[in-house]
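# Analysis of the macromolecular model
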Amino acid sequence: MRTLFLIAVVALILLALPSLVVFGADLGGYGKEINDWLESSFNVSHRVALALPAAIALFCVPPIIILLYFLRLKRKSIAVPSTFLWKKSVEDLHVNRLMQWLRRNVLLLLQLLAVLMFIYAALGPRTHGAVSGGRHYILMIDNSASMNATDVKPTRLDWAKEEAIRVIDSSTDADPGMVIVFNSTAEIRQSYTTNREELKAAVRSIQPTQFPTRIDEALALAASLSNPNRSTENEAAAPANPEPGKERTYFSADGIQAEVYLLTDGRFPAVSDFALANLSIRYPEMPSTAVGMTSDNLAIVAFEVERDPDDARKVYARGTVLNYRDQPQEVKLKLLMLERNETIVGDYGQRIQLPGKVLRPADADGLLADQRLADPKPGEGRTEFLIPDISENSDVILRLSIDHGSMPDSLRLDDEAWAVLGISRKAKVLIITPGNQRLRDYFDTKAAKKIAEFTYLKPAALAEAKEYLTPARDGKYDLIIFDRCGPANIDEMPNANTFFIGYAPPPYSNKPGEPNAVTPVTAPSVRGTQNRHPLMKHLRGLDEMRIADCFRFPKPPDGSPRPSRLIEGERELELLVAIRRQAFTDLVLTFPLGTENADGPDKVWHSDWPTYPSFVLFLMNLVTQLGNVREASVEESLRPGMPQLLRLGTAKDVIVRKPGQDIGVKFERGSRPDVSFSGTDTLGVYTAEWGDQTRRFAVNLFDAEESNLAPQRQFKIGDSTITAGAARKQPLELWKYAIGFGLLVVLLEWWIYNRRVQI
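Residues numbered from 1 in each chain as written. Predicted model: local features only at pLDDT ≥ 70, side-chain atom pairs only at ≥ 80, totals over all residues. Heavy atoms only, no water.

So, about the overall build of the protein. Each helix and strand in the protein was counted, giving 17 helices and 35 strands. Looking at the 759 residues of the protein, the share that counts as buried comes to 48%. For the protein, contacts bridging at least 24 residues in sequence account for 69% of all contacts bridging at least 6. Carbon and sulfur atoms provide 54% of the accessible area of the protein, an area that totals close to 38600 Å². (Helix = DSSP H or I, 4+ residues; strand = E, 2+ residues; numbered from the N terminus. Buried < 20%, exposed > 50% of the residue type's maximum accessible area, 1.4 Å probe, protein only. Contact = heavy atoms within 4.5 Å. Areas by Shrake-Rupley, 256 points an atom, 1.4 Å probe, with all protein chains shown as cover.)

Here is the structure:
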């Protein structure tokens, strides 16, 4: 029995020594060093969970308990014979021996053991799934459309967030971590920090999106602090005397080694021109990959709508559906026609048969140069609907959807598609001219009147408030054409786009000798054109036209924008220029088209351009672009994240409502001629309203790669091949077991104490 108690005491002392060493190292400021040694040697780390005063008090409990036990030893004076006293004295010597005393105080050993367990719990020991060694790590989390898939419960994004939490838990307080979230773009959600709670909060705040997946920008962000040629926060950028309290950590100019945990399904285009350098990619295996799951999904990847060229009231709607399943599938498609995106005015249905996937062999290394070609080819089916009677001015939305019924589908985002039939809008054009048959030859045609309403005035009307000034300032017209005439000053310029022919608009002067006057030029020739400008679309052979005379602009007055040359002559001569005027465009042709008497045909020719086909195309571009024409064609479908350009004419602001929202957001145009709306983050139909106009446009996923839910087990980044590996193991928190064992020891001590009392 004595041997057992001796072993128990020695074991208790040995158990206490590690806690004393670790806590002593923390007190001495060597906590990081002891942690590094524990991790490298035993894959264990610690973190004191109590404040320093509380931890010191806890370590003082064992000696206090021992002291109290010694103070309990008292002798009671009793009158006895001398021989009996001698015998009792000898027994007292035995009692005062340490081991004899401990044998009688087993409760002391149990109490010390319980306190030691609580001390270890306060030290926060843990074992790690992998050794981090104090290295930097980056959590790169994909929240694109495919991460909404439910083949991993509850969703792939939830799995990625849980995996990121595991990585954070398996790190130590000495490991700086960063959180990057990416889809078609990327952002740093949390910069480098050793605060694991901040990292976890950043991970938990990530929400799913409907954007496609692109990894290029995310890799660039990760490399910005790791690779020296891209470093923006290295030691060279550190200020000499930072303000106290605002010091920052700057990294070595050589870059830093960082482990990147890429939490994604791998459905992104290959990245061929990226060097990992200091980045080490870890690609945890998604559970659906581990169980051999491929892709349980049907997807609409195209929805095209067009009017019959011979009968604009007939509309053809064509859809393309892909089957990513292994087995053939019969699919029911439903087409709804909605007026104003609210009321159903038509309902059509069709069934199509889709073949299953067809396997495609990989190359000898098991990986193709184009990663997308390594996947099985999905089954494809096409359908066509004929809608016999839709007016050109109808506000109609077509919605194509897959009717699954009770059939499961892992991704619902690609089961619907929308198309917007455009509403025709004619341009309102005012032509102020002394008479020009070259203009009437086009504007009086049936084709021109189909897209615009034309009003003619004489130059004398420029001084009349009722005929010109009031309607021009009120924005009644979209486009005003000034033929060899113009407003007297800049205050009389209209709130509309303009086209000046052979006349310089204010603040330029057309009278020689006046400030900002243009100078005449004879017999110029065309030397170059700006073919990318919308007004110059499809114009060819302009260098062949002949011009008799034109004028040259002087240096722009202070504060005036410089003219943008669309047609240029020799020595940077402006022949056709576009000048920005707040939200409007002033187009200036520096040579006249002809001189005409009131009673007869042209007497003097200034250019033979009107005899070329390009002149008719130019006038059509002019009315279409500057007249805000909207034909009754189909609005172009956008992908998530793509901007939509809204040409507002004279309106100052626009209200845009996203799909499913009743209240829109107002956007000010400012000095721009249009508004570029970039908030296309939701699939569906958007509504834009300005002035008396309403325009709708659709955003569709239409991404076959995003709809292919088979996670990639392998892909390439630059010259490196990344293969899916085992997910990070959850670290084992030993302090929980220490608390549990300590409570058991307390219960045992209480039971023994009660047994003694009862006996």
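What follows picks up the thread again.
The contact between helix α8 (residues 156-169) and helix α9 (residues 196-204) brings their axes to 10 Å, and the two run at 175 degrees. With respect to α9, the axis of α8 lies roughly antiparallel. Contacts between α8 and α9 pair K161, A164, I165, I168 and D169 from the former with R196, L199, K200, V203 and R204 from the latter. Looking at the contact of α8 with α9 residue by residue, the class counts come to five nonpolar, no polar and five charged. (Axes fitted to C-alpha atoms, helices over the stretch in contact; angles between N-to-C directions. Parallel < 35°, antiparallel > 145°, perpendicular 65-115°, else oblique. Nonpolar A, V, L, I, M, F, W, Y, C, P; charged D, E, K, R; others polar.)

The biggest cluster of nonpolar side chains holds 41 residues, and the ones touching the most others in it are F499 and L587. The leading source of residues in this core is helix α15 (residues 613-626), at six residues. Excluding residues that lie within four positions of it along the chain, L587 makes contacts with T498, F499, F500, L535, L566, L576, V577, A578, F618, L622 and L626. (Core = buried A, V, L, I, M, F, W, Y, C linked by side-chain atoms within 4.5 Å.)

Our focus in this paragraph is the sheet that holds strand β10 (residues 329-339). Strand order in the open sheet made by the four strands is β11-β10-β13-β14, with antiparallel pairing throughout. Two strands lie at the open edges of the sheet, namely β11 (343-354) and β14 (416-420), each paired on one side alone. Put simply, the sheet's adjacent strands are angled 20 degrees from each other on average, direction ignored. Two strands pair when backbone bridges link them, and β10 and β11 are joined in this way by eleven bridges, in the antiparallel orientation. Residue pairing in the sheet places L335 in a bridge with Y348 of β11. (Pairing = 2+ DSSP bridges.)

Buried within helix α3 (residues 52-59) we find A55, L58 and F59. Buried residues along α3 cover an arc of 95 degrees about the axis, so they all sit on one side. (Arc of directions from axis to C-beta.)

Okay, the confidence of the model for the protein next. Detail in the predicted coordinates should be disregarded across regions flagged by low pLDDT. When pLDDT is averaged across the protein, the result is 81; 82% of the residues are at 70 or more. Contacts for the low-pLDDT stretch residues 366-373, under 50 throughout, to residues beyond four places or in other chains number 16 contacts. (pLDDT = per-residue confidence, 0-100.)

Before going further, it helps to examine the pattern of salt bridges. Opposite charge on two side chains allows them to pair when their charged atoms are near. Applying the stated criterion to the full structure yields 27 salt bridges. For the salt bridge of R282 with E259, the shortest nitrogen-to-oxygen distance reads 3.3 Å. With R282 in strand β7 (residues 279-282) and E259 in strand β6 (residues 258-263), this pair connects stretches of sequence that are 23 residues apart. For E259, a relative accessible area of 9% translates into the label buried. (Salt bridge = Lys/Arg side-chain N within 4 Å of Asp/Glu carboxyl O.)

Omega for the bond connecting K153 with P154 falls within 30 degrees of zero, at -5 degrees, which places this linkage in the cis form. A cis amide bond, omega 20 degrees, links P506 with the succeeding residue P507. Summarising the element assignment, P507 is placed in the loop between β18 (497-501) and β19 (519-522). Located in the positive-phi region is E572, a residue other than glycine, with phi close to 55 degrees.

Another aspect to go through is the sheet that holds strand β3 (residues 136-142). One open sheet accounts for five strands, arranged β5-β4-β3-β6-β7; its pairing is mixed. This sheet does not close on itself; its edge strands, each paired only once, are β5 (186-193) and β7. Looking at each pair of strands side by side, their axes are set apart by 20 degrees on average, direction ignored. Pairing between β6 and β7: four bridges, direction parallel.

With respect to burial, strand β23 (residues 574-581) is a largely interior element, seven of its eight residues being buried. As paired strands, strand β22 (residues 564-569) and β23 are joined by four bridges and run antiparallel to one another. Opposite E568, over in β23, you have E574 as the bridge partner. Where β22 hands over to β23, the hairpin turn is made up of four residues, of which R571 adopts a positive phi near 55 degrees. A loop of two residues connects β23 with strand β24 (residues 584-589), the two strands running antiparallel in sequence, and Q582 in this loop sits at a positive phi of about 55 degrees.

By the element assignment, T624 lies in helix α15. A distance of 2.8 Å separates the side chain of T624 from the backbone oxygen of M620, its partner in a polar contact. Each residue touching T624, except ones within four places of it in the same chain, is listed here: I451, V629 and R647. (Polar contact = N/O pair within 3.5 Å; in protein donor to acceptor, adjacent residues only side chain to side chain.)

It is worth spelling out the packing of aromatic side chains at this point. A complete count under the given rule lists 16 aromatic pairs for this structure. Their ring planes at 40 degrees and their centres at 5.1 Å tell us that W609 and F618 sit as a pair that is tilted. Taken individually, W609 and F618 each receive the classification buried, so the pair is uniform in this respect. Clustering of aromatic rings is evident, with ring pairs tying together F499, F591, W609, F615 and F618. (Phe/Tyr/Trp six-rings, centres within 6.5 Å; stacked < 30°, edge-to-face > 60°.)

So, on to empty space enclosed by the protein. A full pass over the atoms with the stated rule returns two cavities of 30 Å³ or more. As a volume, the second largest cavity reaches approximately 40 Å³. The wall of the second largest cavity is formed by D395, V420, L421, G422, I423, R630, E635, T694, R695 and R696. With three residues, the single largest contributor to the lining of the second largest cavity is strand β32 (residues 693-699). A breakdown of the residues in the lining of the second largest cavity according to their chemical character gives three nonpolar, two polar and five charged. (1 Å grid on protein atoms, 1.4 Å probe; cavity = no way out; pocket = protein on both sides within 12 Å on 5 of 7 lines; lining within 4 Å. Points joined across faces, edges and corners; volume = space filled by probe spheres on them.)

Attention now goes to the environment of L221. Looking at where L221 falls in the secondary structure, it is placed in helix α10 (residues 216-224). When the C-alpha atoms of L221 and E187 are compared, they prove to be 7.8 Å apart, with 34 residues separating the residues in sequence.

Looking now at the environment of G379. Positionally, G379 belongs in strand β12 (residues 379-387). Under the relative-accessibility criterion, G379 is labelled buried at 2%. Distance from G379 to N323, taken between C-alpha atoms, is 4.7 Å for residues 56 residues apart in sequence. Among residues more than four places away in sequence, those in contact with G379 are V321, L322, N323, P355, G356 and K357.

The next thing to look at is α9. Within α9 the residues assigned to the buried category are R196, L199, K200, A202 and V203. Along the axis of α9, the buried residues cluster in a sector spanning 160 degrees; they form a single face. Where α9 begins, one side-chain oxygen reaches toward the backbone nitrogen of E197, 3.0 Å away; that side chain belongs to N195.

Relative to the elements of secondary structure, D478 occurs in the loop between α14 (465-473) and β17 (479-483). Using a relative accessible area of 9% as the deciding quantity, one classes D478 as buried. As a C-alpha pair, D478 and N495 span 17 residues in sequence and 8.3 Å in three-dimensional space. D478 has contacts with R425, K426, A427, K428, A496, N497, L626, G627 and N628, leaving out every residue within four places of it along the chain.

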